[in-house]
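# A look at the structure
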Amino acid sequence: MPPQFAAKRLGKELQKIHNSLPPGIELVSAEDFEEWVLDIKVLDNNPLYKDQTYRLKFKFGGSYPIEPPEVVFVKLPDRPIPIHPHIYSNGIICLDLLGQQGWSPVQNVESVCMSLQSMLTGNTKNERPPGDEEFVRANRLRPKDIDFYYHDNNV
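Because the structure is predicted, anything quoted here is derived from the model rather than measured. (Residues numbered from 1 in each chain as written. Predicted model: local features only at pLDDT ≥ 70, side-chain atom pairs only at ≥ 80, totals over all residues. Heavy atoms only, no water.)

## Quick word on the packing of aromatic side chains
Taken as a whole and assessed by the stated rule, the structure comprises seven aromatic pairs. With centroids separated by 6.0 Å and ring planes inclined at 80°, the aromatic side chains of Tyr49 and Tyr54 adopt a geometry described as edge-to-face. Across the pair, exposure class does not vary: Tyr49 and Tyr54 are buried alike. In textbook terms, an aromatic cluster arises when at least three aromatic residues are bridged by ring pairs, as seen for Trp36, Phe58, Phe60, Tyr64 and Trp103. (Phe/Tyr/Trp six-rings, centres within 6.5 Å; stacked < 30°, edge-to-face > 60°. Buried < 20%, exposed > 50% of the residue type's maximum accessible area, 1.4 Å probe, protein only.)

What follows is the structure in structure tokens.
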């Protein structure tokens with residue numbers, strides 16, 4: 001269980017999420033303040049993601065919201081991992097917003113979901129990040145422990 005500050009913040013976020021979420025974002029489960037699952041959809045007509053729903057898993061540490069949550073896409077039979085130049089085939093997302101340098105405590109679960117929706121909406125490349133296969137095969141780190149080099153701001 002996260003410390004009291006994190007739990008209080010997550011309680012407020014969960015209450016807001018239960019009251020309303022932007023279109024294309026749906027809470028699947030939030031049994032505790034450690035892990036939440038949400039589904040997102042891209043709402044425009046981007047042919048890469050049309051009629052697809054994607055599953056996100058959020059893991060919260062004791063320092064949330066000072067530190068970002070760990071966020072990954074999860075593959076299920078009806079929930080693929082989106083193909084995107086910043087999303088590895090194992091669901092790990094390379095996005096500065098989810099790292100220490102791009103995260104701000106004013107961000108929240110809803111804003112992360114909206115940022116990911118926007119990232120997918122603007123994508124025109126049907127490709128994985130360079131080195132995807134090697135990264136997925138060799139990586140043993142949790143997403144929060146990976147030191148990504150953010151060289152592409154065109155996302």
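## Comments concerning helix 1 (residues 4–19)
Within an α-helix, residues lying three or four positions from one another point in the same direction, as the helix has 3.6 residues per turn. Taking 1.5 Å as the rise per residue, helix 1 with 16 residues should run 22 Å; its terminal C-alpha atoms sit 23 Å apart, in good agreement. Among the residues making up helix 1, those that are buried are Ala6, Ala7, Arg9, Leu10, Glu13, Leu14 and Ile17. Projected onto a plane normal to the axis of helix 1, the buried residues spread over an arc of 160° and lie on a single side. Exposed and oriented more than 90 degrees from the buried face of helix 1 are Gln4, Phe5, Lys8, Lys12, Gln15 and Asn19. Where helix 1 is buried, its residues contact strand 1 (25–29), strand 2 (35–41) and helix 2 (109–121). (Helix = DSSP H or I, 4+ residues; strand = E, 2+ residues; numbered from the N terminus. Expected span 1.5 Å × (residues − 1). Arc of directions from axis to C-beta. Contact = heavy atoms within 4.5 Å.)

## Some remarks on the sheet that holds strand 2
Spatial strand order, 1-2-3-4: four strands in an open sheet with antiparallel pairing. One side of each edge strand has no neighbouring strand; the edge strands of this open sheet are strand 1 and strand 4 (70–74). On average, each strand axis in the sheet is inclined to that of its neighbour by 30°, with strand direction left out of account. Judged from the seven bridges that link them, strand 2 and strand 3 (residues 53–59) form a sheet pairing that is antiparallel. The partner of Glu35 across the bridge, within strand 3, is Lys59. (Pairing = 2+ DSSP bridges. Axes fitted to C-alpha atoms, helices over the stretch in contact; angles between N-to-C directions.)

## Side note on the pattern of salt bridges
Pairs can form between side chains of opposite charge once their charged atoms are near each other. Under the definition given, this model contains six salt bridges. Note that Asp39 is salt-bridged to Arg55, the shortest N-O span being 2.5 Å. One end of the pair, Asp39, is in strand 2; the other, Arg55, is in strand 3, with 16 residues separating them in the sequence. The same class applies to Asp39 and to Arg55, which are both buried. Its salt-bridge partner being Asp39, residue Arg79 comes within 2.9 Å of it at the nearest N-O pair. In this pair, Arg79 is assigned in the loop between strand 4 and helix 2 and Asp39 in strand 2, connecting sequence segments 40 residues apart. The same class applies to Arg79 as to Asp39, namely buried. Salt bridges here are not isolated pairs; linked through shared partners, they connect Asp39, Arg55, Asp78 and Arg79. (Salt bridge = Lys/Arg side-chain N within 4 Å of Asp/Glu carboxyl O.)

## Concerning helix 2
Between its terminal C-alpha atoms helix 2 stretches 18 Å, which fits the 18 Å expected from 13 residues at 1.5 Å a residue. Within helix 2, the full set of buried residues consists of Val109, Glu110, Ser111, Val112, Cys113, Leu116, Gln117, Met119 and Leu120. Lining the buried residues of helix 2 we find helix 1, strand 1, strand 2, strand 3 and strand 4. With a side-chain oxygen lying 3.0 Å from the backbone nitrogen of Glu110, the N-terminal cap of helix 2 falls on Asn108. (Polar contact = N/O pair within 3.5 Å; in protein donor to acceptor, adjacent residues only side chain to side chain.)

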